[in-house]
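So you can see what is in the structure, the chains are spelled out below.
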Amino acid sequence: MTTLPLLQIRNVSVWFPVAVAWQLRARRHVKAVDGVSLELDVGQTLGIVGESGCGKTTLARTIVGLERPTAGDVVFNRTGPRYSLVQMVFQDPLASLNPRMAVIDILTEGLLAHDLIRSGGVREAALGLLADVGMDADALLRYPHEFSGGQRQRIGIARALALKPALIVCDEAVSMLDVSVRVQILNLLRDLQARHGMAYLFIAHDLGVVRYIADRIAVMYMGQIVEQGPAEVVLRQPSHPYTMALRASAPDPFRKEQAPFVLAGDVPSPTDPPPGCRFHTRCPYVIDMCRSAKPPLEPVAARSAACVSAACWRKDELACGPLPATSMPAR
């Protein structure tokens, strides 16, 4: 019997209309997410990486219901109200917490709103959530500004845990924290996953963070998935030029070889993406087909055992080793 994934994202697009100033009736669209399909299993962590503006956060907001898809479907293969399916941990731990509410109220607001506890059980529920994230009882009556950044993020995680979701979306959840605190929060997330069995959708810029916490990884460029597969395989042996560029740009004191290339040029306009492969305007391995035909996201022959897919006409060549550059866009 085949077990259905917890989450299925089926060809989801999220377009935002933009009015042209000199002709209000003519409307263009920012294609923030454009035809994305993904799956996430129970208890699994899926990392989403890519440059700023590639659509990661818009995709996350669509999954939790804060944005409505222009096309496609977000399907949870588990019954229950939305709050028990997915919760979110935000990037800024201070901005995401109500400064006028004490911790006890922040943690139990959702439980009371959905009649999951009685007023007499508020303190006990809040204490249990604090203990789950490694905080003491003396935090109950304090306010967000009285805590450090790491402590505030622990409170945000506890709030997400309160409604016992099957999936927690972490949108750059450690990017605003000190390096030492990042490790503590990542270890906490892994420990909570082992104890409670929830899945994570983990968005980050730091490839090292994603490599540490994610089981699988999806790489986004201009609203589309260009490569996906097991995190260790994709980041160690990327098959798409954009993934190679991300890997080369990440600091690595132990890497002896020089970066194969550095991206040149700017990201094209999301309201007018280039034809064919959207990466071809910056790709050093571009060929004529890249400029005219969109490559499908298909399995990479050399990575078939690891179930890696990439959207590149030259993915099978690139997976076998470095290629000579065919062109380099002007800087």
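What counts and what doesn't
- Residues numbered from 1 in each chain as written.
- Predicted model: local features only at pLDDT ≥ 70, side-chain atom pairs only at ≥ 80, totals over all residues.
- Heavy atoms only, no water.
- Pairing = 2+ DSSP bridges.
- Helix = DSSP H or I, 4+ residues; strand = E, 2+ residues; numbered from the N terminus.
- Salt bridge = Lys/Arg side-chain N within 4 Å of Asp/Glu carboxyl O.
- Buried < 20%, exposed > 50% of the residue type's maximum accessible area, 1.4 Å probe, protein only.

A. How the structure looks around the sheet that holds strand β6 (residues 167–171). Spatially, eight strands are ordered β5-β6-β7-β3-β8-β9-β11-β10 in an open sheet, and the strand pairing comes out mixed. A single partner strand is all that each edge strand has here, and the edge strands are β5 (86–89) and β10 (298–299). Alignment of β5 against β6, held across four bridges, turns out to be parallel. Bridged to M88 within β6 is V169.

B. Structural detail: the environment of D288. Tracing the backbone shows D288 in helix α10 (residues 288–292). Counting along the chain gives twelve residues from D288 to G276, while the straight-line C-alpha distance between them is 9.6 Å.

C. The pattern of salt bridges, seen in detail. For the structure on display, the rule yields eleven salt bridges. The closest approach of N and O atoms between D132 and R195, which form a salt bridge, is 2.5 Å. Highlighted residues: D132 in helix α4 (residues 122–132) and R195 in helix α6 (residues 179–196), separated in sequence by 63 residues. According to the relative accessible area criterion, D132 is buried, its value standing at 16%. Between R182 and D206 there is a salt bridge; the shortest N-O distance is 3.4 Å.

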